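Structural description and commentary
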Amino acid sequence: MIPEKKISNSEYEEKDITTVVADDLEIKGTIKFKTSVMLKGVFEGEIFSEGLLVVGPTAKVTATISTKTLVSHGEITGNVTATDQVTLKNTSLHNGDISTPNIIIENGAVFNGSCAMRAKDITVK
Amino acid sequence: MGNGIPIIDEPVEGKIVTVIADDLEIKGTIRFKTSVMLKGVFEGEIFSEGLMVVGPTAKVTATISTKTLVSHGEITGDVTAVQQVVLRETSTHIGDIKTPYIMIESGAVFNGTCTMDRGQTNTMPDTAFPEQPVPVEPSSPVEEGREQPPEIRHEQKKRQLKEKVQAEEPANVPETAAEVKEGEPKHGDLF
């Protein structure tokens, strides 16, 4: 079924994240990164990533996001494309469409939008 | 936050009132009040005031209106759940979901639109930093303005769904929704 490492994608430690953008910082524009970024402040614009994007519980992100992995604890407005996985934690609020092969929505998360996932082989036992 | 999130109480198979085994194929409408577990093939409409469990072997093509839906199997169709939807890791869902609480496990496949109406968004005020707990008044403009865009976006879908289901007002709380359903005429008494 789902390999163990997939699940561990949503479990990270803040010290392992390359860039942490604190909650008093407001950014407008485009950010691009390859490893990992944690946003805790306000962001508006576009995000292009080949790694892990973590949206902290205090964050308010209005953006078109293209990433490998997204873990959200905060508020996102905009469309997300993740090549690996999207995790909406129980405090998160997501308004916008999601396109990803693997999604986890925790109990308590709010998601308003469409979800498109690559069709998986469905084997009826 | 965390208040009011329904605990997922998935009973063991023995506690579910009706279990429809995997060699049974049903076409039509089913209505129930307590709990049903589907393991076979179903096509049609499901109206429920209780718990609907779709087993891992099930293939359901239906418009579903229920209180709680727990899916391990394959569902094609729109779902309205007044309490909660749970998509387990083996599940595949193609269709729209409308519910106040959703949980999707890793491995589940969901293709469709999710619409969630709940007053919960007042825990995320429009200020940038929600640490200071803002005492939101019931008539607060923050609360009212929040969920408008998705509402409008899915207006058409909702209308279609409503026609099929003849069900509750979209933004209603579960209790009122259930009341409305009780008064509904019982056509389609197939079983």
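Computed from a predicted model, the values in this text were never measured in an experiment.

1. Here's the deal with the packing of aromatic side chains
Within this structure, the stated rule accounts for zero aromatic pairs over all chains. Of note, R31 of chain B hangs over the ring of F47 of chain B, and the distance from its end group to the ring centre comes to 4.6 Å.

2. Brief notes about the confidence of the model for chain A
Fine structural detail should not be taken from predicted coordinates in areas where pLDDT scores are low. Residue and element names in this part refer to chain A. Mean pLDDT for chain A: 86, with 86% of residues reaching 70 or above. This model gives residues 1–9 a pLDDT under 50, and the stretch forms 13 contacts once residues within four places in sequence are excluded. Overall, residues 121–125 carries pLDDT values under 50, and its contacts beyond four positions in sequence, including any with other chains, amount to seven contacts.

3. Quick look at the pairing of strand β12 (residues 110–116) of chain A
Among the seven residues in β12 of chain A, five count as buried, and that is most of the element. By the bridge criterion, three bridges tie strand β9 (residues 93–95) of chain A to β12 of chain A in an arrangement that is parallel. Paired with N95 of chain A across the strands is N112 of chain A, a residue of β12 of chain A. Here β12 of chain A runs beside strand β12 (residues 109–115) of chain B; their pairing, made up of three bridges, is antiparallel. Counterpart to S114 of chain A in the pairing with β12 of chain B is T113 of chain B.

4. Comments concerning the confidence of the model for chain B
Residues and elements named next belong to chain B. For chain B, per-residue confidence averages 74 on the pLDDT scale, and 60% of positions sit at 70 or higher. Every residue in residues 120–134 scores below 50 in pLDDT, and together they form 36 contacts with partners more than four places removed in sequence or on other chains. Low pLDDT (under 50) marks residues 140–153, which in the prediction has 27 contacts with non-local residues, meaning those over four places away or in another chain.

What counts and what doesn't
- Residues numbered from 1 in each chain as written.
- Chains lettered and ligands numbered in written order.
- Predicted model: local features only at pLDDT ≥ 70, side-chain atom pairs only at ≥ 80, totals over all residues.
- Heavy atoms only, no water.
- Phe/Tyr/Trp six-rings, centres within 6.5 Å; stacked < 30°, edge-to-face > 60°.
- Lys NZ or Arg CZ within 6 Å of the ring centre and 35° of its normal.
- pLDDT = per-residue confidence, 0-100.
- Contact = heavy atoms within 4.5 Å.
- Buried < 20%, exposed > 50% of the residue type's maximum accessible area, 1.4 Å probe, protein only.
- Helix = DSSP H or I, 4+ residues; strand = E, 2+ residues; numbered from the N terminus.
- Pairing = 2+ DSSP bridges.

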